[in-house]
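Okay, here's what each chain looks like letter by letter:
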Amino acid sequence: MVKYGAEKKMFNLLSVIGPTASGKTALAVRLAVEFGGEVISADSRQVYRGMDIGTGKDIGEYVWRGQAVPYHLIDIVAAGSKYNVFEYQKDFVRVWEDCRKREVFPVLCGGSGLYVEAVLKAYKLLAVPVNEVLRENLKEKSLEELAQLLSTYGKMHNTTDVDTVKRAVRAIEIEEYYRTHPQEERDFPELHPLIVGVDVDREVRRRRITERLHARLKNGMVEEVKGLLESGISAEDLIYYGLEYKYITLYLTGKTDYQTMVGQLNIAIHQFAKRQMTWFRKMEREGMRIRWIDGGLSLEEKVECVRRWLAEESEVSV
């Protein structure tokens, strides 16, 4: 275990964030090896079993020089279910505390800004139940009408994309519940994170996204979505997951043709990456320090940057 001086503060979490196609997973795995750690995923879709190619799990990346690096919070719930940030918080705390108990250094890795921030800022959340009466009252409203209704709530608790009617209704359901129920005080561990952001040149990121999309299509992403539909998961549920699952489902159900699907999906992923960076910049504006690292550096150069930051400012704590 690396020690850097008892007089300095002690980090008990390393967080690696960045937009899609930035190379953050490879860096997180390498850092886990460097500091005797394990990776805790912060990806809102990689939690689902059977959704592999579309979510970019790339399980093969969790290996360093022939040795598997343990990872957590991937493949933990069935596809078709609705995992949420409240459940993620609970699962993160369980895994983080287990890592600490085993004297393993936890490395949080992901691009789902809401999940990352909910952990790092210890959001106080409520488990929001289904409101059948509210859903019945909203069922005839269009997505535009629902979006207008959502805008009346001011600062929202649910800030995920509301690009479908189902997501918008759920967002309204959450806001209504918070309006009438006080937030509960919940125990949350005191985290001292070193947050590393992988910054990739915009044009490089765009090229990687497009190349990766075509590679995944070639490697069976359409067949993966088709298999999920054939397993009994509804088209509506797959569309709910957005991006690859939304657009490929629209193609498989005859709502669009293949070329249109690919073009629209490519644009949507680029827009998603831009929103990810917007979220991370917002985190910074609100006072969270992110150490940005040049995504063009070699993996070992990136590791050296992190090692230097830790040496300068902290004692790694397990």
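Here, the structure is the one placed above.
Heads up: these notes are all about the structure in this document. (Residues numbered from 1 in each chain as written. Predicted model: local features only at pLDDT ≥ 70, side-chain atom pairs only at ≥ 80, totals over all residues. Heavy atoms only, no water.)

## Quick notes on the nonpolar core
Within the largest apolar cluster, 56 residues are counted, with the highest numbers of intra-cluster contacts made by Tyr88, Phe92, Leu108, Leu120, Leu265 and Met283. Taken together, the elements giving at least two residues each to this core come down to strand E2 (13–17), helix H2 (85–101), helix H3 (113–120), helix H7 (202–218), helix H8 (221–230), helix H9 (235–240), helix H10 (243–252) and helix H11 (258–285). The residues touching Tyr88, leaving out its near neighbours within four places in the chain, are Ile40, Ser41, Ala42, Leu73, Tyr83, Leu108, Tyr115 and Val119. In terms of nonpolar packing, the next biggest core, distinct from the first, is built from 26 residues, Leu14, Ala32, Val39 and Phe105 among them. (Core = buried A, V, L, I, M, F, W, Y, C linked by side-chain atoms within 4.5 Å. Buried < 20%, exposed > 50% of the residue type's maximum accessible area, 1.4 Å probe, protein only. Helix = DSSP H or I, 4+ residues; strand = E, 2+ residues; numbered from the N terminus. Contact = heavy atoms within 4.5 Å.)

## Focus: the pairing of strand E9 (residues 105–110)
Summarising burial for E9: six of the six residues are buried, a large majority. Burial along E9 is two-sided: Phe105, Val107 and Cys109 and Pro106, Leu108 and Gly110, pointing in opposite directions, are all buried. Relative to E9, E2 runs parallel, the two sharing four bridges. Across the sheet, Ile17 pairs through a bridge with Gly110, a residue of E9. Direction of pairing for strand E3 (residues 37–41) relative to E9: parallel, over a ladder of five bridges. Bridging from a neighbouring strand, Gly37 pairs with Phe105 of E9. (Pairing = 2+ DSSP bridges.)

## Regarding the sheet that holds E9
A sheet is described by the order of its strands in space; here six strands give the open sequence E7-E3-E9-E2-E10-E11, paired in parallel fashion. Edge positions in the sheet fall to strand E7 (71–72) and strand E11 (291–294), since each has one partner strand and no second. The sheet contacts of H3 involve E2, E9 and strand E10 (193–199), and relative to E2 the element is tilted by about 160°. Running over the sheet, helix H12 (residues 299–313) touches E2, E10 and E11 and is turned about 155° from E11. (Axes fitted to C-alpha atoms, helices over the stretch in contact; angles between N-to-C directions.)

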